[in-house]
Amino acid sequence: MTDQNEVKVEALLSIINSSAHEAIAEYKNTGHGVPGVDASTLHPLDFATDTLALRKAIRLLEGACEQLNTILAPPQHTTYNFINNYNWACIDVAVQSRIADVLDKHPEGLSVDALADAVNLDKTKIARVLRVLALRGCFKEVKRDVFANTRLSLVLRSTSNVGSCIRTQRDFPKYAAVLYETMVDQEFARSHEVEKAPRAFALKKEGKNNGYWEMNDEEHDIFHKSMMGYSEVQNSSAVLHHYPWDNVSSVVDVGSGIGAMSIPLAKMFPHLRITDQDLPETMKLSRSTWEKNAPEALLSGHVEFVPLNFLEESPVAGKDVYYLRNVIHGWSDDESRVILTNIRKVMGPNSRVLIHDCVLSRQFQEPVVETNEFSKNHTKAPESTLLNFGSHTSHQLDMVMWLIANGKERTLNEFKNIGAGVGLVLTQTYDFVGMMLLEFKIAQD
């Protein structure tokens, strides 16, 4: 008699093998081969703008490996590993002390004594931190007590957008630590307002009352740089390659930040007329960022900067595309409807709204909509893997939004319902791994 559990294990092994070979093929296609676990330089694919095929392979590989461990390891081993993980704390030490910056000047390695002097920290403790991270390929011990950068640690440098993204998350564990308290607190438990997020609760315990959007100029700069880093982590630039921008004339980047998406969009499609819209203080930063990174686009006259509070007013009217990346997940359903209503008011008959956000899958999905119903490139997870291909990334991001702003990631059906509530209909979805692009048009009566 066939053991169905063993069959599933064999299926997972097959997925691991096939997806690993797909990833290998993507690396070899660059002509640079597969990166080494302790490589000291970045691979050309690491920050390429279109790595969708590689990311799809890695999604399967990660999910199958994790599920295989869950099946074969004792449950106490797996559940304890859920919380017995302090890689984040070690990463924080490395980022705050700028260890990767120091080691960048010593590609052959630097002794822990010299490193400790450079960052003014205890050498024994630095060595312990680096050895924890080296087990995951982040930094390497080239010989006893001599450390060097690796491909992973290079993204921790202070000049890296990803490093900024990691740096802004150092307080997240503090917010997570009060999650249960917020769920039983009379004032916070039933609220979905940003002022009642776990972040606000944690700061209140410290006697602070900083609003989520209250930042000085330096904090604003770090925040927007971290958003560019988050875009790199999520490979948001896939949208540049897999949406038909050639058929678009004008784009409004709603909640644009400093141009993390609109700048590369302008460079790749110079025919586009682009409007960046965000709060006034952000627009000042945005213009200076464009002047530095895309001056030719400014000279062309194809870019404009228009201040906008999307909760209180509508964006520029009559454009082809209204693009929102990582916007809707920061707001409640009611506020999301306000944002989309303000856009709906100024859309032309052929205008489209593009929502670029994470999309959650659930074990018992709502029967109203199937992803493939509208999909251009959606890949269904194999039957032998867990939900979301066994990946928990989107649900972890859902937790992040809850912790910092009482926001949330949504299912496809939740997005569809919010759109329908303001007269928009979902017409197309694009699977970019971790994130999706959802296209809405005006609903026909």
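Above this text is the structure in question.
Rules used in this analysis
- Residues numbered from 1 in each chain as written.
- Predicted model: local features only at pLDDT ≥ 70, side-chain atom pairs only at ≥ 80, totals over all residues.
- Heavy atoms only, no water.
- Pairing = 2+ DSSP bridges.
- Helix = DSSP H or I, 4+ residues; strand = E, 2+ residues; numbered from the N terminus.
- Axes fitted to C-alpha atoms, helices over the stretch in contact; angles between N-to-C directions.
- Parallel < 35°, antiparallel > 145°, perpendicular 65-115°, else oblique.
- Contact = heavy atoms within 4.5 Å.
- Nonpolar A, V, L, I, M, F, W, Y, C, P; charged D, E, K, R; others polar.
- Salt bridge = Lys/Arg side-chain N within 4 Å of Asp/Glu carboxyl O.
- Buried < 20%, exposed > 50% of the residue type's maximum accessible area, 1.4 Å probe, protein only.
- Disulfide = S-S within 2.5 Å.
- Expected span 1.5 Å × (residues − 1).
- Arc of directions from axis to C-beta.
- Patch = residues over 30% accessible without salt bridge, like charges linked within 9 Å, V, L, I, M, F, W, Y side chains within 5 Å.
- Areas by Shrake-Rupley, 256 points an atom, 1.4 Å probe, with all protein chains shown as cover.
- Left-handed = near helix turned anticlockwise from the far one by under 90°.

Structural notes on the sheet that holds strand E3 (residues 146–148)
- Overall, antiparallel pairing links the three strands, which are arranged E1-E3-E2 in an open sheet. What marks the edges here is a single partner per strand, and that holds for strand E1 (110–111) and strand E2 (140–143).
- Relative to E3, E2 runs antiparallel, the two sharing three bridges. Within E3, the position partnered with Glu 141 by the bridge is Phe 147.

Quick notes on the packing of helix H6 (residues 112–119) against helix H7 (residues 123–134)
- The interhelical angle for the contact between H6 and H7, taken along N-to-C directions, is 105°, at an axis separation of 9 Å. By the angle between their axes, H6 is roughly perpendicular relative to H7. Contact residues: H6 offers Val 112, Asp 113, Leu 115, Ala 116 and Val 119, while H7 offers Lys 123, Ile 126, Ala 127 and Leu 130.
- A breakdown of the residues in the contact of H6 with H7 according to their chemical character gives seven nonpolar, no polar and two charged.

A short note on the pattern of salt bridges
- Taken as a whole, this structure holds 16 salt bridges when the rule is applied.
- The salt bridge involving Arg 131 is made with Glu 141; its shortest N-O contact spans 2.8 Å. Of this pair, Arg 131 sits in helix H7 while Glu 141 sits in strand E2, and the two are 10 residues apart along the sequence.
- Look at Arg 131 and you get partly exposed, because its relative accessible area is 33%.
- Of the residues examined, Glu 141 reaches a relative accessible area of 32% and is grouped as partly exposed.
- Arg 131 is paired through a salt bridge with Asp 145; the nearest N and O atoms lie 2.7 Å apart. On the criterion of sequence distance, the pair formed by Arg 131 in helix H7 and Asp 145 in the loop between E2 and E3 is long-range, its members being 14 residues apart.

Section: the environment of Ala 317
- Among the secondary structure elements, Ala 317 is positioned in the loop between strand E6 (303–305) and strand E7 (321–325).
- C-alpha separation for the pair Ala 317 and Ser 351, spaced 34 residues apart in sequence, amounts to 10.0 Å.
- When near neighbours in sequence (up to four residues on either side) are disregarded, Ala 317 contacts Tyr 322 and Val 346.

Concerning unusual backbone geometry
- Even without a glycine there, the phi angle at Arg 98 is positive, about 60°.
- Inspection of the secondary structure puts Arg 98 in the loop between helix H4 (87–97) and helix H5 (99–104).
- Non-glycine residue Asn 235 carries a positive phi angle of around 50°.
- By secondary structure assignment, the location of Asn 235 is in the loop between helix H12 (217–233) and helix H13 (238–242).
- Judged by relative accessible area, which is 6%, Asn 235 ranks as buried.

A closer look at the state of the cysteines
- All told, the structure shown has zero disulfides when counted by the stated rule.
- With no disulfide of its own, Cys 90 lies 9.8 Å from the sulfur of Cys 138, the closest cysteine sulfur.

Quick look at the sheet that holds strand E11 (residues 424–431)
- Strand order in the open sheet formed by seven strands is E6-E5-E4-E7-E8-E12-E11, and the pairing between neighbours is mixed. Of all strands in the sheet, those with a lone pairing partner are E6 and E11, marking the two edges. Across this sheet, the average inter-strand angle for adjacent strands is 20°, counted without regard to direction.
- When E7 meets strand E8 (residues 352–357), the two strands line up parallel, connected through five bridges. From the neighbouring strand, Val 321 faces E8, where its bridge partner is Arg 352.

Focus on the side chain of Ser 164
- As for its position among the elements, Ser 164 is in helix H8 (residues 161–167).
- The exposure class of Ser 164 is buried, given its relative accessible area of 3%.
- Not counting residues within four places of it along the chain, the set of residues in contact with Ser 164 comprises Ile 222, Lys 225 and Ser 226.

As for helix H15 (residues 280–293)
- In this model H15 runs 20 Å from its N-terminal to its C-terminal C-alpha over 14 residues, within 8% of the 20 Å that 1.5 Å per residue would give.
- Along H15, the residues that are buried comprise Thr 282, Met 283, Ser 286, Thr 289 and Trp 290. Mapping the buried residues of H15 onto a view down its axis gives an arc of 125°, with all of them on the same face. Facing away from the buried side of H15 by over 90 degrees, the exposed positions are Lys 284 and Lys 292.
- Of the surrounding secondary structure, the elements contacted by the buried residues of H15 are H12, helix H14 (262–268), strand E5 (273–277), helix H16 (295–300) and E6.

A word on a nonpolar patch on the surface
- The grouping of Tyr 80, Phe 82 and Ile 83 at the surface amounts to a nonpolar patch, some 380 Å² of accessible area in total.
- Looking at the element boundaries, Ile 83 is found in helix H3 (residues 75–83).

Thoughts on the packing of H4 against H7
- Packing of H4 against H7 brings their axes to within 9 Å, and their N-to-C directions diverge by 120°. With respect to each other, H4 and H7 are oriented oblique. Read as a crossing pair, H4 and H7 show a hand that is left-handed. Here H4 contributes Asn 87, Cys 90, Ile 91, Val 93 and Ala 94 to the contact with H7, which in turn contributes Val 129, Val 132 and Leu 133.
- Here the contact of H4 with H7 is built from residues that sort into seven nonpolar, one polar and no charged.

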